Amino acid sequence: DAEITQSPRHKITETGRQVTLACHQTWNHNNMFWYRQDLGHGLRLIHYSYGVQDTNKGEVSDGYSVSRSNTEDLPLTLESAASSQTSVYFCASTEDKLTGELFFGEGSRLTVL
Amino acid sequence: AQSVTQPDIHITVSEGASLELRCNYSYGATPYLFWYVQSPGQGLQLLLKYFSGDTLVQGIKGFEAEFKRSQSSFNLRKPSVHWSDAAEYFCAVASGSQGNLIFGKGTKLSVKP
């Protein structure tokens with residue numbers, strides 16, 4: 001069955017370190033998204049991509065970057081981790097960016113000390 | 001700008017009782033509306049969606065939602081709640097400009113035995 005997987009599921013890092021969260025989907029969806037989930041804020045969009053070599057900033061993109069070198073993967077990089085980036089991160093993909101169902105990974109819990 | 005409001009942060013209902021979770025949206029045109037459910041430690045799963053046509057939509061797990069344009073609402077209902085329905089529920093509207101979903105902050109549902 002097609003799926004979307006995130007790794008690592010849990011990570012603890014220190015302030016200032018670079019961190020990369022991986023997202024891999026096997027649906028062959030062009031559209032992929034990264035969200036962060038924080039208590040009291042729901043899900044907020046960080047970055048998204050509509051296809052290979054396409055990346056776009058979302059609502060809370062400062063301090064994050066993504067790259068899209070193939071259809072299956074959209075890694076999220078924190079260039080210099082900050083305590084404010086402690087959160088649960090969700091990757092999602094969809095076939096139709098406007099009307100399609102978003103398929104979510106199980107999340108990556110990141111703690112920045 | 002599009003937005004979604006879920007007025008209730010936390011709701012507790014007894015098992016077997018009926019449920020209604022409220023969702024109000026702000027959107028200029030006909031919205032694409034969604035309800036997602038998130039079980040603890042999991043990603044989000046689509047319950048149902050509304051694009052056009054019949055304003056009462058049926059979803060998985062016995063849920064339904066009714067689109068009311070005059071009230072800018074898309075409330076989620078279930079006639080009889082089961083203990084396994086305890087989760088967090090998110091209403092979302094598709095953003096026409098960014099091609100992604102704008103989520104409400106969620107309503108946590110607790111079910112009493």
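Residues numbered from 1 in each chain as written. Chains lettered and ligands numbered in written order. Predicted model: local features only at pLDDT ≥ 70, side-chain atom pairs only at ≥ 80, totals over all residues. Heavy atoms only, no water.

Caption draft 1: Inspection of the sheet that holds strand β3 (residues 19-25) of chain A at higher detail. All names here are of chain A. Spatially, the 4 strands line up as an open sheet ordered β1-β3-β8-β7, and their pairing is antiparallel. In this open sheet, the two edge strands, each paired with only one partner strand, are β1 (4-7) and β7 (64-66). Taking the axes of each pair of neighbouring strands and ignoring which way they run, one obtains an average angle of 20° across the sheet. The sheet contact formed by β3 and strand β8 (residues 76-78) spans 3 bridges and is antiparallel. Directly across from Val 19, in β8, lies its bridge partner Leu 78. (Pairing = 2+ DSSP bridges. Helix = DSSP H or I, 4+ residues; strand = E, 2+ residues; numbered from the N terminus. Axes fitted to C-alpha atoms, helices over the stretch in contact; angles between N-to-C directions.)

Caption draft 2: Examining the interface of chain A and chain B more closely. Between chain A and chain B, the contact holds 23 residues from the first and 23 residues from the second. Carbon and sulfur atoms supply 55% of the area buried between chain A and chain B, which totals about 1700 Å² over both sides. Considering only the surface of chain A that becomes buried against chain B, Leu43(A), Leu98(A) and Thr99(A) emerge as the three largest contributors, covering 29% of it. Where chain A packs against chain B, one counts 0 salt bridges. Applying the counting rule to chain A against chain B returns 4 residue pairs in polar contact (both at pLDDT 80 or more). Going through the elements one at a time, β4 (31-38) and β5 (42-51) of chain A are the ones with two or more residues in the side of chain A that touches chain B. Here the side of chain A that touches chain B gets 5 residues from one element, more than from any other, and that element is β5(A). When grouped by side-chain class, the residues that make up the side of chain A that touches chain B number 10 nonpolar, 8 polar and 5 charged. (Contact = heavy atoms within 4.5 Å. Buried area = accessible area lost by both parts, 1.4 Å probe. Salt bridge = Lys/Arg side-chain N within 4 Å of Asp/Glu carboxyl O. Polar contact = N/O pair within 3.5 Å; in protein donor to acceptor, adjacent residues only side chain to side chain. Nonpolar A, V, L, I, M, F, W, Y, C, P; charged D, E, K, R; others polar.)

Caption draft 3: Layout of the state of the cysteines. Following the criterion strictly, the structure yields 2 disulfides over all chains and no others. Residue pairing for Cys23(A): its cysteine sulfur links by disulfide to Cys91(A), the two sulfurs lying 1.9 Å apart. An S-S torsion of about -75° defines the bridge between Cys23(A) and Cys91(A) as left-handed. Placement of the pair is Cys23(A) in strand β3 and Cys91(A) in strand β9 (residues 87-94), with a sequence separation of 68 residues. With relative accessibility at 2%, the residue Cys23(A) sits in the buried group. Take Cys91(A): its relative accessible area is 0%, and that puts it in the buried class. Between the sulfur atoms of Cys23(B) and its disulfide mate Cys91(B) the distance is 2.0 Å. (Disulfide = S-S within 2.5 Å. Buried < 20%, exposed > 50% of the residue type's maximum accessible area, 1.4 Å probe, protein only.)

Caption draft 4: The nonpolar core, seen in detail. Residues and elements named next belong to chain B. Ranked by internal contacts, the top residues of the largest apolar core, which has 26 residues, are Leu 19, Trp 35, Leu 47, Leu 48, Phe 74, Leu 76 and Tyr 89. Taken together, the elements giving at least two residues each to this core come down to β2 (10-14), β3 (19-21), β5 (33-38), β6 (44-50), β8 (64-68), β9 (73-78), β10 (87-94) and β12 (107-112). With 4 residues, the single largest contributor to this core is β10. Those residues in contact with Phe 74 that sit more than four places away from it in its chain are Cys 23, Leu 33, Phe 34, Trp 35, Leu 48, Tyr 50, Val 57, Ala 65, Glu 66, Phe 67 and Cys 91. (Core = buried A, V, L, I, M, F, W, Y, C linked by side-chain atoms within 4.5 Å.)

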